[in-house]
Structures are given as structure tokens and as C-alpha cells.
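Overview (structure and organization)
Residue strings, one per chain:
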Amino acid sequence: MAARRYEIYDVFTDRALAGNPLAIVRDSDGLTGEAMQAIAAEFNLSETVFVGPPENPAHTASLRIFTPKTELPFAGHPTVGSAIALYEGKAPAAPDGTALIVLEEKIGPVRCAVSATPGRASFAEFDLPRLPVPAALSAEPELIAAALSLDADEIGFENHRASAWSAGVPYVCVPVAGLEAAARARLDPRLWLDIAPPSGNLIPGAYVYCRETVGEDCAFHARMFAPHDGIVEDPATGSAAAAFAGALVAFDAPVDGPGHHWIEQGVEMGRPSRIRLEVETAGGALTAARIGGHAVRVADGTLFV
């Protein structure tokens, strides 16, 4: 048995008790994958991360990311939260207070830029280690609607239609008519398996989004349902926003160059979150994307395992 430090950060928010909580276990040396999975189940948060030394000494740290039931190759709020935790733990910073944090995740190295303004929550933004790619989706709107407890005519808006994407973690992006439909969405896991069968050890989540928003400065409102993962709904999902970048470019066809969008999530759960999605396009194709957000530390302690 060893004493291991941990911290809890609320991620994709600039205030405590909002956003998506993340457990960060600092001293993970000697823990097996099975032990990490058991600790993640004990925390029972959307994700728990285990920080270790990097294989490449030029990088900052290695991360293993677990939901209560499975390990993930990549996830957004653990990346943002861990980068900020390492920064606030006195990672080397430039004279202007910014720092480059490189995290070794299962998907590969993830580059994060972290900055802080006095009196405000720290902010981190990372380059997507893998751009979103489409996957086949043959389900009719009627089946998707039934799985989400909605009517078929509430699926889709403008030219947006349901589509499947993965930037390391698979999702089905489901556009809905507006905030009222989004608020009524409820996932039936049994019906969802007919729409989105497992991909490896992961069942694609349902990323429900609309253009109508609560926040005036947000471009999209979103919810993410995670069937059979121990977490019914997630208050902020960076890996889903990364996948959504593919749908955004495919359906909105933004002009070439950079663009950024704030996505609100977690409103219906009482955990309002804000995710910044930046995309770069050239020749109508997505060439780069970044996910960013704030995070605040709300607790720390010691594990004896």
C-alpha cells in the first residue's frame, strides 16, 4: 500500500461546481491497469487520469485515462484538466506566463498550450492528435429519434443530419431542432446498440446538438449520452467536440482559414460547461483543430492503495 496524491478539477468551466469534474492521480507508479480501473470506479467520475513519467524526456508527463468501466485512448477534459494541473504545479513557463505541456496518451503525444491571467481560471488548449474521420451510419431518422425519445421530425436542422465521426473516440453526432428537443432527449441504450454497435471496446456516444443556445456567445448547444459506460450523461466532452469538428466542416462548409466556436454543454445537468472548438480549413477540408477550456481545482487528498 502506498500514499498517492490526487486532485479534483472542474474542467471546461471557470468556477467551481460546474463543468466536468476530473480526478487526477499524481503518483501512479506501481499501479496496474486493473488497479487504475478500480480506482476510477471508486471515484465514479466521467474520467480519472493517472499521471506518470514520460517515455520521451522532452515531454511533460504520460497519462492513462479511465472511465468507471473502461480505458480510453484519448479524452478532452482529462487533457485540459491535466495540462492545467501540471501547469499550476509549477511546470516550466515562459516569461509571459504561458507554457507548452506535452502529454503522452494512448493515442500519441498531445500538445497543450496553457496560460493564466491573474484573478482568473487557467486556460488550456490542445491540438487534436487525430483529425476526425467519418464512419458509416445507416440508421434512419425514425430509429435515431426513437432511441432518443424524440419525434423523427425533430432530428436534423438546416442541412445537418445524423453522422458518425471519430477523432480517437467514436460518436454519433445527432442534430436536433432546438433547445426544447435537446432538453427532452433521453437515451434508450438497447435501441442505441442497433444504431451504433461497439467499436473495439467502446460504444459510440450520442452527441446531441442544436444551433439554438442559452449563452449568446455560444454557437452550439450540446448533450452527450454515454451508453453502458457507467455514466449516463457527461457534462462536458472534449473528445465529442473533436469528433463534431468533422460534422461542422462537412455540413456548414466554413470558408477557408481559421474559425472558432464556443459549445455549451451540461446545462440540463446543472453543470454548465463551455468548450472552445477551433477549426482550420483549406480547400473545403479540415486541416487542423484545437479544443480549449478553463479548469479550476476544487479538492485534493491522498489515496492509500
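Right above here is the structure, for reference.
Read on for an overview of the structure. The shown structure was predicted, so the numbers you read here are calculated from the model rather than taken from an experiment.

1. Examining the overall build of the chain
Counting its secondary structure elements, the chain contains six helices and 17 strands. Its C-alpha atoms give the chain a radius of gyration of 19 Å, near enough to 19 Å, the size a compact globule of 305 residues would have. For the chain, the spread of C-alpha atoms along the principal axes amounts to about 55 × 40 × 30 Å. Counting every position in the chain, which comprises 305 residues, the buried fraction comes to 57%. Residue pairs in contact within the chain that sit at least 24 positions apart in sequence constitute 64% of those at least 6 positions apart. Summed over all atoms, the accessible surface of the chain reaches about 12,800 Å², with 53% contributed by carbon and sulfur. Within the chain, the 38 negative side-chain charges are centred at a point lying 5 Å from the centre of the 22 positive side-chain charges.

2. Focus: the nonpolar core
Y207, Y209, F244, I263 and I291 are the most contacted members of the largest nonpolar core, which has 62 residues in total. At 10 residues, helix 6 (residues 238-252) tops the list of elements feeding residues into this core. Ignoring sequence-local partners within four residues, the contact set of I263 consists of Y207, F220, A222, A241, F244, S273, R274, I275 and L277. A145, I155, A196 and C210 belong to the second-largest nonpolar core, a separate cluster that totals 24 residues.

3. What about helix 6?
Here helix 6 spans 20 Å end to end across 15 residues, near enough to the 21 Å set by a 1.5 Å rise per residue. The axis of helix 6 is deflected most strongly, by about 25°, at F244. In terms of residue burial, helix 6 counts as a mostly covered element, since 13 of its 15 residues are buried. Just beyond helix 6, the residue with positive phi is A253, at close to 45°.

4. Thoughts on the pairing of strand 3 (residues 47-52)
Buried residues dominate strand 3, accounting for six of its six residues. What you see with strand 3 is no split at all: E47, V49 and V51 on one side and T48, F50 and G52 on the other are buried throughout. Pairing analysis gives four bridges linking strand 2 (residues 20-25) to strand 3, with the strands arranged parallel. For V25, the partnering residue across the bridge sits in strand 3 and is F50.

5. Notes on helix 1 (residues 33-43)
Listed as buried for helix 1 are M36, Q37, I39, A40 and F43. In a view along the axis of helix 1, the buried residues occupy a sector of 160°, so they form one face of it. Residues E34 and E42 are exposed on helix 1 and point more than 90 degrees away from its buried face. Structurally, helix 1 contributes buried residues whose contacts are with strand 1 (3-11), strand 2, strand 3, strand 4 (61-66), strand 5 (71-72) and strand 17 (285-304). The positive-phi residue at the C-terminal boundary of helix 1 is N44, with phi of around 60°.

6. Section: the pattern of salt bridges
What the rule picks out here adds up to 20 salt bridges. One salt bridge connects R184 with E154, and the closest N-O pair in it is separated by 2.1 Å. Remark: E154 occurs in the loop between helix 3 (141-147) and strand 10 (163-166) and R184 occurs in helix 4 (residues 179-184); sequence separation between them is 30 residues. Accessibility expressed as a relative area gives 31% for R184, which makes it partly exposed. Taking the shortest distance from any N to any O, the salt bridge between E180 and R184 comes out at 2.7 Å. With E180 and R184 both in helix 4, this residue pair falls four residues apart, about one helical turn. Residues participating in the shared-partner salt-bridge network are R111, E125, D127, R276, E278, E280 and R290.

7. Topic: unusual backbone geometry
One non-glycine residue, N44, lies in positive phi territory at about 60°. Within the secondary structure, N44 is located in the loop between helix 1 and strand 3. Classification of N44 as partly exposed rests on a relative accessible area of 45%.

Each value, and the rule that gives it
- Residues numbered from 1 in each chain as written.
- Predicted model: local features only at pLDDT ≥ 70, side-chain atom pairs only at ≥ 80, totals over all residues.
- Heavy atoms only, no water.
- Helix = DSSP H or I, 4+ residues; strand = E, 2+ residues; numbered from the N terminus.
- Rg over C-alpha atoms; globule rule 2.2 N^0.38 Å.
- Buried < 20%, exposed > 50% of the residue type's maximum accessible area, 1.4 Å probe, protein only.
- Contact = heavy atoms within 4.5 Å.
- Areas by Shrake-Rupley, 256 points an atom, 1.4 Å probe, with all protein chains shown as cover.
- Lys, Arg positive; Asp, Glu negative; His and termini not counted.
- Charge placed at Lys NZ, Arg CZ, Asp CG, Glu CD.
- Core = buried A, V, L, I, M, F, W, Y, C linked by side-chain atoms within 4.5 Å.
- Expected span 1.5 Å × (residues − 1).
- Bend = angle between axes of the 7 residues up to and from the residue.
- Pairing = 2+ DSSP bridges.
- Arc of directions from axis to C-beta.
- Salt bridge = Lys/Arg side-chain N within 4 Å of Asp/Glu carboxyl O.

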